Amino acid sequence: MARIELSAGPVDYQDTGGDGPVLVFCHGVPMNETQWRKVVPLMTGYRCVLPTLPLGGHRTPMRPDADLTQRGVALLLGEFIERLGLDEVTLVLNDWGGGQFLLSEGRGERVGRLVLVACEAFDNFPPGPGKALETIARVPGGIRLLMNLLRIPAVRHAKATYGGMSLRGVPDEIMDDWFAPALRSRSIRRDFARFAASAPDRATLLAWSERLRSFDRPVLVVWAAEDRLMPREHGPRLAALYPRGRLVEIAGSSTLVPEDQPERLAAEIRSFLAEAAPPPAR
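To start, this report covers the structure provided alongside it. (Residues numbered from 1 in each chain as written. Predicted model: local features only at pLDDT ≥ 70, side-chain atom pairs only at ≥ 80, totals over all residues. Heavy atoms only, no water.)

1. Section: the overall build of the protein chain
At step 1: The number of helices and strands found in the protein chain is 11 helices and eight strands.
At step 2: A compact globule built from 282 residues would reach a C-alpha radius of gyration of about 19 Å, and the protein chain, at 17 Å, matches this within 12%.
At step 3: With respect to the principal axes defined by its C-alpha atoms, the protein chain has extents near 50 × 40 × 40 Å.
At step 4: Residues classed as buried in the protein chain amount to 57% of the 282 residues present.
At step 5: Partitioning the intrachain contacts of the protein chain with sequence separation of at least 6 by distance along the chain shows that 75% fall at a separation of at least 24.
At step 6: Within the structure as shown, the protein chain displays about 11300 Å² of accessible surface, and the carbon and sulfur contribution to it stands at 52%.
At step 7: Separation between the mean location of the 35 positive side-chain charges and that of the 34 negative ones in the protein chain comes to 2 Å. (Helix = DSSP H or I, 4+ residues; strand = E, 2+ residues; numbered from the N terminus. Rg over C-alpha atoms; globule rule 2.2 N^0.38 Å. Buried < 20%, exposed > 50% of the residue type's maximum accessible area, 1.4 Å probe, protein only. Contact = heavy atoms within 4.5 Å. Areas by Shrake-Rupley, 256 points an atom, 1.4 Å probe, with all protein chains shown as cover. Lys, Arg positive; Asp, Glu negative; His and termini not counted. Charge placed at Lys NZ, Arg CZ, Asp CG, Glu CD.)

2. Here's the deal with helix 7 (residues 186–196)
At step 1: Along helix 7, the residues classified as buried are Ile188, Arg189, Asp191, Phe192, Ala193, Phe195 and Ala196.
At step 2: The elements touched by buried residues of helix 7 are helix 1 (70–83), helix 3 (130–137), helix 4 (142–149) and helix 6 (172–184).
At step 3: Its side-chain oxygen placed 3.3 Å from the backbone nitrogen of Ser187, Ser185 serves as the N-cap of helix 7. (Polar contact = N/O pair within 3.5 Å; in protein donor to acceptor, adjacent residues only side chain to side chain.)

3. Quick look at the pairing of strand 1 (residues 2–6)
At step 1: Pairing of strand 1 with strand 2 (residues 9–15) involves five bridges; the strand directions are antiparallel. Counterpart to Glu5 in the pairing with strand 2 is Pro10. (Pairing = 2+ DSSP bridges.)

4. Some thoughts on the side chain of Thr34
At step 1: Checked against the element boundaries, Thr34 lands in the loop between strand 3 (22–25) and strand 4 (47–51).
At step 2: Exposure remark for Thr34: the relative accessible area of 16% places this residue in the buried category.
At step 3: At 2.6 Å, the side chain of Thr34 forms a polar contact with the side chain of Asn32.
At step 4: Excluding anything up to four places from it in sequence, Thr34 contacts Ile174, Asp177 and Trp178.

5. A closer look at the side chain of Arg189
At step 1: Following the sequence through the fold, Arg189 ends up in helix 7.
At step 2: No salt bridge forms around the buried Arg189; measuring N to O, its nearest opposite-charge neighbour Asp191 is 11 Å away.
At step 3: Aside from chain neighbours lying at most four places away, what touches Arg189 is Ile143, Arg144, Ala182, Leu183 and Arg184. (Salt bridge = Lys/Arg side-chain N within 4 Å of Asp/Glu carboxyl O.)

6. Quick notes on the packing of helix 4 against helix 7
The axes of two packed helices give the description: the angle between them and the distance between them.
At step 1: One way to put it is that helix 4 packs onto helix 7 with a least axis distance of 9 Å and a crossing angle of 105°. One way to sum up the angle between helix 4 and helix 7 is to call them roughly perpendicular. Contact with helix 4, carried on its side by Ile143, Arg144 and Met147, involves Arg189, Phe192 and Ala193 of helix 7 and no other residues of that element.
At step 2: The class makeup of the residues in the contact of helix 4 with helix 7 is four nonpolar, no polar and two charged. (Axes fitted to C-alpha atoms, helices over the stretch in contact; angles between N-to-C directions. Parallel < 35°, antiparallel > 145°, perpendicular 65-115°, else oblique. Nonpolar A, V, L, I, M, F, W, Y, C, P; charged D, E, K, R; others polar.)

7. Brief notes about a nonpolar patch on the surface
At step 1: Judged by side-chain polarity, Leu145, Leu149 and Ile152 come together as a nonpolar surface patch covering roughly 260 Å² of accessible area.
At step 2: Inspection of the secondary structure puts Leu149 in helix 4. (Patch = residues over 30% accessible without salt bridge, like charges linked within 9 Å, V, L, I, M, F, W, Y side chains within 5 Å.)

8. Quick notes on the nonpolar core
At step 1: In this structure, Val24, Leu116, Trp178, Leu238 and Tyr242 are the most contacted members of the largest nonpolar core, which totals 66 residues.
At step 2: Looking at this core, the element that brings in the most residues is helix 1, giving six residues.
At step 3: Excluding residues within four positions of it along the chain, Val24 makes contact with Val49, Pro51, Leu77, Ile81, Leu86, Val89, Thr90, Leu91 and Val92.
At step 4: If you look at the next biggest cluster of nonpolar residues, it comprises 24 residues, including Phe25, Val222, Val257 and Ala266. (Core = buried A, V, L, I, M, F, W, Y, C linked by side-chain atoms within 4.5 Å.)

The following block contains the structure:
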């Protein structure tokens, strides 16, 4: 895995390389690049770049003074894209929707297309059970207690936690990898708590959402029919918010569409990209 030193600290990333169009895949909380392990192999001919952002599943702590708010992590994502010299990227979000704030901050000049896959939007930051996480993050030792609870199979597979995010179920070895950094490192837990407690108030979130109307490039909204976290009405609402938005709904999936329906998701992304440009050479 490669690593780049950014203003907030080191960010690890995977890069499939090649000369094809660039897709930047972002993950959820606290997860990492393995969230996309079923989709990336299906994107032949594209260069797939997967940063591990400081959302609690990152393996190396950030600097103590790093801005790990929702806005700060979005701007860090923009810095990552710029430092790698990537341009006309297709930014793909799932679960965590904060990457949209890169656009609301007027820093989306390197983003050519956007794919929003069952992610946070409007005032749904954090969604559902995530609101409890926001409270836990403000309690000293709260994140440590949470991560230890998530070691218990009955807790991690409960519908109110990660069991509700995938209809197929996320394998334990994948979740072990997601949760390991915060279990072993106090500094990672510090970073995670700062991010988890950072959601702006409802009025601010809705104001930021309104700014997204200025993003006039193609946007694919992929919503999951059986999602427990992202309101079903947010799919069409997001597609209508963006001037060039288009909605696709996928059945047989909860929030983690890359886990439940990777083949269908990859096909929808490829079709979306082909509409605006010729498909890459194989």
